[in-house]
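Summary of structural features
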Amino acid sequence: MLCADPLGLPIGCQTWPVRESIAKDFPATLKQLAEAGFQTVELCSPLGYADSGFAGLGKFKGAELRAILHDAGLSCISSHFSIEELRKDQDGRIAWAKDVGLTQMLVPSLDGPRKPTMDDVKRAADEYNRMGERAAAAGIVQGLHNEDFELTKVDGKRTYDQLFQLLDPRYVKFQFQVSTISDGYDAAEYFTRYPGRFISMHVQGWSATTRTIVPVGQDTLNWTKIFAAAKSGGIKNYFVEMDLPLMKASVPYLRHLQVA
């Protein structure tokens, strides 16, 4: 048995749910997350997420951010970036990422239309393949989350599945949002169907009974199955992403979860 932290991975959290707190006091927020039992965090870019509470992080140089994280006892190798900021200056964003110590750069969506044609999907994939190749040359893994555009349909099929065919596995990995189970996207199913194509996941507890987000372990999802499938999917890290009380309540379960 592999004893949790599942798969031997540190318990991580996304910083989006605590963005208001980060805007007020970044070091204090990190201390709170560390005290809750989180060992690693995923940031959001101060440039691409300036309007969401992360603008204040822009006053720090990348190396300073790395030191603040280290002082809080947290590691950070991943951050979300808007695809728009990568379009404007990918080289500059890669340089910032490397200063912070990141090895993974994620975008929440390829930002395509809500009712795409196959040409729209191909154009989006071609653009992101080029970005992925450029990032790989700098030693960074470019990853794609599944929100908005990725959850649309094209020619009667899921756009998300089309993207697995169009995005180059040498340059682009995927980050799975577990809460998309509410739209019929099953994490374990995708990890099994596309082995080695994933790099991380955002973890939410989901109750099929109440159809609401709840703490991990107090839900109806089979987390042993999800984490076992995540191993074949290629998952290198995971980040709990819910309101802070729900994230805190998830830590004890994740700490003791065992995965065969």
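What this report covers is the structure whose coordinates are included nearby. All figures in this text were calculated on a predicted structure; none of them were measured in a lab.

Each value, and the rule that gives it
Residues numbered from 1 in each chain as written. Predicted model: local features only at pLDDT ≥ 70, side-chain atom pairs only at ≥ 80, totals over all residues. Heavy atoms only, no water. Helix = DSSP H or I, 4+ residues; strand = E, 2+ residues; numbered from the N terminus. Rg over C-alpha atoms; globule rule 2.2 N^0.38 Å. Buried < 20%, exposed > 50% of the residue type's maximum accessible area, 1.4 Å probe, protein only. Contact = heavy atoms within 4.5 Å. Areas by Shrake-Rupley, 256 points an atom, 1.4 Å probe, with all protein chains shown as cover. Lys, Arg positive; Asp, Glu negative; His and termini not counted. Charge placed at Lys NZ, Arg CZ, Asp CG, Glu CD. Phe/Tyr/Trp six-rings, centres within 6.5 Å; stacked < 30°, edge-to-face > 60°.

1. Description of the overall build of the protein chain
Helix and strand content of the protein chain: nine helices and 14 strands. In terms of overall size, the protein chain behaves like a compact globule, its C-alpha atoms giving a radius of gyration of 18 Å where 260 residues would be expected to give roughly 18 Å. Within the span of the protein chain, comprising 260 residues, buried residues form 54% of the whole. Sequence-distant contacts in the protein chain: of pairs separated by 6 or more residues, those separated by 24 or more amount to 78%. A total of about 11300 Å² of accessible surface is found on the protein chain, and carbon and sulfur atoms cover 50% of it. Separation of charge centres in the protein chain, based on 29 positive and 31 negative side chains, amounts to 3 Å.

2. Notes on the packing of aromatic side chains
Enumeration over the complete set of coordinates arrives at 22 aromatic pairs. Arranged with centres 6.3 Å apart and planes meeting at 70°, the rings of Phe-176 and Phe-198 form a pair that is edge-to-face. Of the two residues, Phe-176 is situated in strand E9 (residues 172–177) and Phe-198 in strand E10 (residues 198–203); the sequence distance between them amounts to 22 residues. Across the pair, exposure class does not vary: Phe-176 and Phe-198 are buried alike. With a centroid separation of 6.0 Å and 20° between ring planes, the pair formed by Tyr-185 and Tyr-190 is classed as stacked. With respect to class, Tyr-185 is no different from Tyr-190; both count as buried.

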